Amino acid sequence: ACEPLHVQWNALTDSVELVNTRGGTHRKLRVGMEIYDMNGQLLKQQQKKVRTHEDSTLRCMKVKQPKRLTDVWFLRLVAKDGQGNTLSENTYVRSADDQSWQALLSLPKAHVATTIQWEKESCRAILRNDSPYPALMLRLNLKSEDGEQILPVSYSDNYFHLMPGEEKTVTIRWSASDTRGSQPMLEIGSSLKGDF
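Enquirer: Whenever I open this one, the sheet that holds strand E8 (residues 112-118) confuses me. Can you help?
Expert: Strands belonging to one sheet form pairs held by backbone hydrogen bonds; the direction of such a pair is parallel or antiparallel. Strand order in this open sheet of four strands is E8-E9-E13-E11, and the pairing throughout is antiparallel. Since the sheet does not close on itself, it has two edges, and those belong to E8 and strand E11 (154-155), each with one partner. Taken together, the seven bridges between strand E9 (residues 122-129) and strand E13 (residues 167-173) define a ladder with antiparallel strand orientation. In the sheet register, Ser122 faces E13, and the bridge partner there is Arg173.

Put into structure tokens, the structure is as follows:
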């Protein structure tokens, strides 16, 4: 939410907005909306070309729900530049009512394949959801050999969802002086389903 250019869902108006706090003027942007059912099947997608000025909030489109929605569903919003680079991404877990959230616990545990490329004070973690259902609330946690967290650490992304077949690369940076002389390890798990 602290991104200079941030795509978000406004619950009051049920619309997609692009918030530009200090991201400069952008004339060639694409804002996309995707709706997935609880099993990660894409039901609807929509894109719109927009331009935005600094210190502005732009209402891009209304969220029109498909008729065949499950009780729990996912709203994925993405803002990209003219070259197709992702500038902002946000995924919301939506529900028909407060009693429907329990349905998420019935999802099978996803299989997430990971590849980690280590450098001296950084690494790239490539995560791919090989399952036919969503991998929810993926969390990366850099630790030392004693199991304690290494802090401070910078993650390019964390606590995110992967729909079936999706892949994401996360860059992690730290200072060698904060490792307490041990080899860093990367713990990857889900806030809902535990470690993979």
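Enquirer: Any chance you could explain the packing of aromatic side chains here in plain terms?
Expert: The way to describe two aromatic rings as a pair is by their centre distance and the angle between their planes. As enumerated under the stated definition, the model contains two aromatic pairs in all. Arranged with centres 5.6 Å apart and planes meeting at 70°, the rings of Trp9 and Tyr92 form a pair that is edge-to-face. Here Tyr92 lies in strand E7 (residues 86-95) and Trp9 lies in strand E1 (residues 5-10), a separation of 83 residues in the sequence. Pairing Trp118 with Trp174 gives two aromatic rings, centres 6.1 Å apart and planes at 70°, and the pair type is edge-to-face. Of the two residues, Trp118 is situated in strand E8 and Trp174 in the loop between E13 and strand E14 (185-190); the sequence distance between them amounts to 56 residues. Accessibility expressed as a relative area gives 7% for Trp174, which makes it buried. When the ring centre of Phe160 is taken as reference, the NZ or CZ atom of Lys168 above it lies at 5.4 Å.

Enquirer: Whenever I open this one, the side chain of Ser15 confuses me. Can you help?
Expert: With respect to the helices and strands, the residue Ser15 is situated in strand E2 (residues 15-20). A distance of 2.5 Å separates the side chain of Ser15 from the side chain of Thr13, its partner in a polar contact. For Ser15, the residues in contact, after removing those within four places along its chain, are Gln8, Trp9, Asn10, Arg59, Met61, Lys62 and Val63.

Enquirer: Looking at this structure, I do not really get the sheet that holds strand E6 (residues 72-80). What am I missing?
Expert: The four strands are arranged E4-E3-E6-E7 in an open sheet whose pairing can be described as antiparallel. A single partner strand is all that each edge strand has here, and the edge strands are strand E4 (42-52) and E7. Averaged over neighbouring strand pairs, the angle between their axes works out to 15° when direction is ignored. The pairing of strand E3 (residues 26-37) with E6 spans eight bridges and is classified as antiparallel.

Rules used in this analysis
Along every chain, residues carry numbers that run from 1 in the direction the sequence is written. Whole-chain, interface and lining totals are the exception, using all residues; otherwise, since this is a predicted model, local features are given only for residues with pLDDT of at least 70 and side-chain atom pairs are given and counted only at 80 or more. Heavy atoms from the whole structure form the basis of all side-chain values; hydrogens and water molecules are not counted. One requirement defines pairing of two strands: DSSP has to find at least two bridges between them. For the purposes of this entry, the term helix denotes a DSSP run of H or I that reaches at least four residues, the term strand denotes a run of E that reaches at least two, and both are numbered from the N terminus. In this scheme Phe, Tyr and Trp rings, the latter by its six-membered ring, pair at centre separations within 6.5 Å, and the angle between planes marks the pair as stacked below 30 degrees, edge-to-face above 60, and tilted otherwise. For the exposure calls, accessible area comes from a 1.4 Å probe over protein chains only, and a residue counts as buried if that area is under 20% of its type's maximum, exposed if over 50%, partly exposed in between. Only when the NZ of Lys or the CZ of Arg is both within 6 Å of the ring centre and within 35 degrees of the ring normal is a charge said to sit over the ring. Definition of a polar contact: a pair of N or O atoms within 3.5 Å, with one able to donate and the other able to accept a hydrogen when the atoms are protein atoms, and with sequence-neighbouring residues admitted only if both atoms are side-chain atoms. Residues count as neighbours in contact if any of their non-hydrogen atoms are within 4.5 Å of one another. All axes here are fitted lines through C-alpha atoms, helices being fitted over the stretch that makes contact, and every angle between N-to-C directions spans 0 to 180 degrees.

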